[in-house]
Amino acid sequence: MYCPTCQNQNNKNALFCKSCGTKLYHPQQEKKSRNSVSDKLLIIFCFVFFLLLCIWLKIFIFELQKFYKIVNLLTESRYNYGFY
Ligand SMILES: [Zn+2]
């Protein structure tokens, strides 16, 4: 692997140049690490999204039940006191 700054030849897996200390670029390694990180992030994101969906559904169903109870109460009261 040739250093982009000083053209000194280094080991294939060297992270820094032996001669000048410049960080050597490994496109394949970086791609791999980036992919694994993005995959982990995607899994975490999906998990969080799923959790949020569950919580949201629970809240939604709970609110819906409350709403129906209120509607029932209103309709009942209207039925009871509707005929003035
Ligand atoms: Zn160098």
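Residues numbered from 1 in each chain as written. Predicted model: local features only at pLDDT ≥ 70, side-chain atom pairs only at ≥ 80, totals over all residues.

Asks: Help me out: how do you make sense of the overall build of the protein in this one?
Replies: Looking only at helices and strands, the protein has one helix and zero strands in total. For the protein, the proportion of its 84 residues judged to be buried stands at 1%. (Helix = DSSP H or I, 4+ residues; strand = E, 2+ residues; numbered from the N terminus. Buried ≥ 20, exposed ≤ 12 C-beta atoms within 10 Å, placed from the backbone.)

Asks: Honestly, the environment of Leu-24 in this entry has me stumped. Any pointers?
Replies: With respect to the element layout, Leu-24 can be found in the segment before helix H1 (27-81). Judged by local crowding, Leu-24 falls into the partly exposed class, with 18 C-beta atoms found within 10 Å. Between the alpha carbons of Leu-24 and Cys-3 there is a distance of 6.6 Å; along the sequence they are 21 residues apart.

Asks: I keep staring at unusual backbone geometry and nothing clicks. Help me out?
Replies: A positive phi angle, near 65 degrees, is found at Gln-7, a position not held by glycine. Gln-7 sits in the exposed class, given 10 other C-beta atoms within 10 Å.

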